[in-house]
Amino acid sequence: MSTSHVEIERKYEAPAEAHPDWSALKRLRPGTTAVDELDATYYDTASRDLAAASTVLRRRRGGPDEGWHVKFTLDGRRHEIHVPLLKDRTSMPAAARDLVSALTLGRELEPIAHLATRRTRTAVLDEDGREVAEFADDVVRSVDHRTGQERTWREWEVELTDPELSEKRQEKIFKRVRKVLKEAGASRSTAVAKIARALGQDAAFDEKAGIASAPEQSESEPEEQQLTGGQRLVAELAGPVLADLRILDVAVRAGVEDSVHQMRIRLRTMRSILRALRGGLDPEFDETVSQGLKEAGEALGAARDLEVVGEVLMRTEQWAELTRKARRQLSQLLEEDREAALRGGYAVLDSEGYRDVLAALESLVRRPQLCGWAEDLSAKKLGTHMMETLDERYRKRIEPARRAVEEAEPEEAAESLHEVRKAAKGLRYVIESLDEADLIRKKQREDAGEAREEAKSVQSEVGRLLDLRAAVQWLDRAARVMRRRGLDRYGAGLLAGELRTALSWKLAEGFSSLTR
């Protein structure tokens, strides 16, 4: 079974013979000390796909956390996932390989470096004797497998161990420990990670150590051709979205909070980019990739919808009025459904078809192949066409939705509004992508900004209505399941009644209230 946590640490260069004077540590004190001999082998593909995504895969033996570790960065936070060693301690578990499968796309993982570390760990305690951080004094010996270059150094690390600390408290702990370390001669490390230094990516260290830069290896890849303006636009739009999709794949598998939601957004963004380019890309590529993205989005959507249902239920007036037993039963059933939905999502992410979709997008980003109307357009003309295409698609859905809200049954009205919301999201995400890449003409920026804000508002307002519908549908299903299990359905019925009324009121307010 794998486990994960957020890694919050600071690294320092340590003088060869120095030792911190812990008696100078204010409002903190040292605890027990232990010594570990750590043996770590790092892995990547020949094309260094993990390094390109700022991701690390290693096998560590020795120490309290020995096993396979995957480290990655998401939204500025460093996450670490642990997978236990197998009986054959050198074999890579499928769980570790699967975690990085969206980055490797089937390319073979190979050892790239070996690090042997003698670590002296000292617990850092607060005034109540609770461990809040760990200080590590590391003496490291590394070998770069590509060049055979050996490196040796000493470094100090301070890692927070209490996940409940506030950001203000975290900074105070770092500040107090840093003062003691600086007085002992420490300075901030020039390497972001040990593996970076081991592979010769810390130029300052190598220069000081007298290590010559490794010669560039010759590659047999064909020389890249210059991209046209339109090709550049496609690469600049799709590239960051694909990079996010791949690292969010790791995050979803690790159970990182909100990662399912964020991945669905990127899937929708990529689909919208392709939709706006329809007729300008190879039809077979467009159909295959768009369908694969849709299937992944739908698979993850079931889990995300259940997250939203939980939020809606806890905001109802009746939730607090239910018995503790009723709340527990509903929460357990919701978690059962969410776990089942996630298993379905993982199955799609693990499929060969989804891997092929990512590989096709990788090729698209490397060298977009445009055809038809898009072949000769400049970047900004192509961007204009994309916005106009998605804006037209969005506006075509408004009038049918207006009629449905005013005349149709609630379910039909909700479905029609769902189509409006999907079109609004597509328009918004592409405008935001174009804006981030600075590919919107100056004279269009005001109109594009207004269109984005309108789409965002519609997405939000209609989303609240659809959240109510999803909660009502789930409660109806929950009542049937509870009946089969011989459980009391009263709580589910009470909540469904409140939310069904709220949904009716929302629809009765009319279409204009949903698109203001």
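Everything quoted here is computed from the prediction, not taken from an experiment. (Residues numbered from 1 in each chain as written. Predicted model: local features only at pLDDT ≥ 70, side-chain atom pairs only at ≥ 80, totals over all residues. Heavy atoms only, no water.)

Draft legend 1. Local environment of empty space enclosed by the protein. Under the definition given, this model contains 1 cavity of 30 Å³ or more. Of the volumes computed, that of the largest cavity is approximately 40 Å³. Going through the elements one at a time, α8 (259-276) and α14 (410-436) are the ones with two or more residues in the lining of the largest cavity. If one sorts the elements of the lining of the largest cavity by residue count, α8 sits on top with 4 residues. Looking at the lining of the largest cavity residue by residue, the classes come out as no nonpolar, 2 polar and 5 charged. (1 Å grid on protein atoms, 1.4 Å probe; cavity = no way out; pocket = protein on both sides within 12 Å on 5 of 7 lines; lining within 4 Å. Points joined across faces, edges and corners; volume = space filled by probe spheres on them. Helix = DSSP H or I, 4+ residues; strand = E, 2+ residues; numbered from the N terminus. Nonpolar A, V, L, I, M, F, W, Y, C, P; charged D, E, K, R; others polar.)

Draft legend 2. Structural detail: the environment of L245. Turning to its location among the elements, L245 is positioned in helix α7 (residues 229-254). Given a relative accessible area of 0%, L245 falls into the buried group. When the C-alpha atoms of L245 and A16 are compared, they prove to be 43 Å apart, with 229 residues separating the residues in sequence. Sequence-distant contacts of L245, defined by excluding residues within four places in its chain, comprise M263, R266, L267, M270, L293 and Y354. (Buried < 20%, exposed > 50% of the residue type's maximum accessible area, 1.4 Å probe, protein only. Contact = heavy atoms within 4.5 Å.)

Draft legend 3. Expanded view of the environment of A18. Looking at the element boundaries, A18 is found in the loop between β2 (9-13) and β3 (29-44). Judged by its relative accessible area of 13%, A18 is buried. Separated by 102 residues in sequence, A18 and T120 place their C-alpha atoms 13 Å apart. With residues up to four places along the chain from it excluded, the contact list for A18 reads R154, W156 and A184.

Draft legend 4. The arrangement of the environment of T120 in detail. With respect to the helices, strands and loops of the structure, T120 is situated in strand β7 (residues 110-125). The exposure class assigned to T120 is partly exposed, which follows from its relative accessible area of 26%. C-alpha separation for the pair T120 and V35, spaced 85 residues apart in sequence, amounts to 4.4 Å. If we skip the residues at most four places from it in the chain, T120 touches T33, A34, V35, F135, A136 and D137.

Draft legend 5. The arrangement of helix α15 (residues 445-484) in detail. Under the 1.5 Å per step criterion, the end-to-end length of α15 is 57 Å for 40 residues, consistent within 8% with the ideal 58 Å. Considering bend angle alone, the principal kink of α15 is centred on G463 and spans about 25 degrees. Once α15 ends, the next one or two residues include G486, with phi positive near 75 degrees. (Expected span 1.5 Å × (residues − 1). Bend = angle between axes of the 7 residues up to and from the residue.)

Remember that the coordinates give geometry; whether it matters functionally is a separate question.
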